[in-house]
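Results of the structural survey
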Amino acid sequence: MIVTRFAPSPTGYLHIGGLRTALYSYLWAKKNGGKFLLRIEDTDLKRNSLEAAKAIEEAFRWVGLKQDGDIYYQSKRMNVYKEHIQKLLNEGKAYYCYMSKDELDALREEQMKAKQRPRYDGRYRDFTGTPPSGVEPVVRIKTPISETITFSDGIKGEISVKTDEVMDDFIIARSDGTPTYNFVVAVDDHYMGITDVIRGDDHLSNTPKQIVVYKAFGWDLPKFYHVPMILNPQGKKLSKRDGAMDVMEYKKEGYLPEVLLNFLVRLGWSHGDQEIFTMDEMLEFFDPKDINKSASAYNAEKLLWLNAEFIKNMSYVRFEKELIYFGLDLKNVDKKEVLIDALRERAKTLKEFSQKAGAILERPASYEAKAVKKFLKANAKEVAKEFVNYLNGYKEDLDIPADYEKLIVGFLEQYNLKLKDIAQIIRIAIVGSAVSPSIYDIMCIIGKDELEIRVNNLIQFMEKRDEQN
RNA sequence: GGCCCCUUCGUCUAGCGGUUAGGACACCGGCCUCUCACGCCGGUAACACGAGUUCGAGUCUCGUAGGGGUCACCA
């Protein structure tokens, strides 16, 4: 069985890079009938916060990635790590190092000056004398000397590093006794039964260290997949400055969770020419072997396009449900289906949708100056008045947009006008600007009575304007 | 700087020794049209460079250049 995990450290919100590796892990496990686990890496008490952990969980809930079983918190497993550190100590595979932080810094500086790679010199590796007093020791693991550590990465291929060149006896327990990252990752991945580790390729260079831990305990290695980073549009590493990194920010901006997932799955992975995937299709087609080797740049326009595609095909009930978050309650809107259909092809996000809907549902607070100047010419007032008269005398049904089209056609015939002569007047009367969905749709949405009110309001406005001139 | 990784249109990518190098976003035309969109049709645009291997290279090998990652008592 395949078991994967996502293991964020709770130092901030969940960002889209993290979400993508989580998605890949989730997909790979679920596709194979396996398990996807969530582990919060909170060993560094100073930098973690409970709120951050909660924020990550909230983001997971929003996108609908559900972990199997309970969430693991490393802070609750300290005794396990301590036991294992003790075990290595007992077996002589790790040792206490009494070098103080100051001494270490001095050594590092010296090495830097000599243009050497800063590296612990192993001075306590075989130390048997009396330890210096007043120093709380750290625990270091013995990394093999003159060995080549080789592993096969599912994305990058065969990777091998020479221990003497790039590794030293790294610290597995700080002087306060708390374990460090590379140690706990290996211990947890082993006990959680992780078979496939899918993570960002910034961890590629940590992998040999974790392998040292695995080997010290004699454990089998999981498979590793190091997925390339996501770059910003400038091709640099995505950072907070690029904005919109927080997954929850996408909710606020009116993106659908499945769109974010769809967008992310295609960033660095593909299945032929397919752009749009349902969750079932992602599960069917995803395979980490198809993940690209190179980093990919974040492309906000494509995300927007994808969101628009999904909105175009979204159900009415889903619209009603999602729009509540944006302060738009469609429950009492009589022609909500006409509203939705009129706007779904004009709004790329739910946020934009709710703004545009508001412009139709609420009476315009003012009339856009440019539109007034361009379309409300001298005869506009008369045309509008004639329209109100015609509307008052109109006895046919006014229920669907086509009924309003009949209304307009009749009006144009009677007064020998062109559609152009009336369309913008009605539009401005209803939404206050020269841009909106079809006038038949928006007339239908607000209904006959409201239509009359709004056209009259516009007539009043024009009268006032004409008086001033 | 050492080590590791990467390199096809502006961007996401397809390609797995023989292709007019395909698709998508964006962009530019045109059509549709009551405005704006949507939709439809069409277009511009890429194999980083240099050597090999081969009858033949985007595809294999090696260099060069460029980009990224990483070198903590952070994760």
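Shown above is the structure to which this text applies.
A brief report on the enclosed structure follows. Treat the numbers as computed from the prediction; the structure is a model and nothing was measured. (Residues numbered from 1 in each chain as written. Chains lettered and ligands numbered in written order. Predicted model: local features only at pLDDT ≥ 70, side-chain atom pairs only at ≥ 80, totals over all residues. Heavy atoms only, no water.)

Our next topic: the protein's contact with RNA strand B. By nearness alone, 59 residues border RNA strand B, and Arg 117, Arg 174, Gly 268, Arg 427 and Ser 436 come closest of all. Those atoms of RNA strand B that come within 4 Å of the protein belong to sugar or phosphate at a rate of 69%. Within the side chain of Ser 296, an N or O atom sits 3.3 Å from a phosphate oxygen of RNA strand B. Backbone polar atom of Glu 345 to a sugar or linking oxygen of RNA strand B: 2.6 Å apart, as the coordinates give it. Sorting the residues of the surface near RNA strand B by element identifies α4 (101–113), β12 (296–297), α11 (300–312), α18 (419–431) and α19 (439–468) as the ones contributing at least two each. (Near = heavy atom within 4 Å. Polar contact = N/O pair within 3.5 Å; in protein donor to acceptor, adjacent residues only side chain to side chain. Helix = DSSP H or I, 4+ residues; strand = E, 2+ residues; numbered from the N terminus.)

In the structure shown here, the tally under the stated rule is 31 salt bridges. In this structure, the salt-bridge partner of Asp 189 is Arg 5, at a minimum N-O distance of 2.9 Å. A residue pair is termed long-range when its members are at least 10 positions apart, and Asp 189 in helix α6 (residues 181–191) and Arg 5 in strand β1 (residues 3–6) qualify at 184 residues. The pair Asp 189 / Arg 5 is uniform in exposure class, with both members buried. With a shortest N-O distance of 3.5 Å, Asp 466 and Arg 465 are connected by a salt bridge. With relative accessibility at 29%, the residue Asp 466 sits in the partly exposed group. In this structure Arg 465 comes out as partly exposed when scored by relative accessible area, which is 21%. Several salt bridges share partner residues, and in doing so they unite Arg 5, Arg 39, Glu 41, Arg 77, Asp 188 and Asp 189 into one network. (Salt bridge = Lys/Arg side-chain N within 4 Å of Asp/Glu carboxyl O. Buried < 20%, exposed > 50% of the residue type's maximum accessible area, 1.4 Å probe, protein only.)

A word on the layout of surface pockets. By volume, the second largest pocket amounts to about 150 Å³. As for the second largest pocket, its lining consists of Lys 82, Ile 85, Gln 86, Leu 89, Tyr 96, Glu 136, Pro 137, Val 139, Ala 173, Arg 174, Ser 175 and Gly 177. Tallied by class, the residues present in the lining of the second largest pocket amount to six nonpolar, three polar and three charged. (1 Å grid on protein atoms, 1.4 Å probe; cavity = no way out; pocket = protein on both sides within 12 Å on 5 of 7 lines; lining within 4 Å. Points joined across faces, edges and corners; volume = space filled by probe spheres on them. Nonpolar A, V, L, I, M, F, W, Y, C, P; charged D, E, K, R; others polar.)

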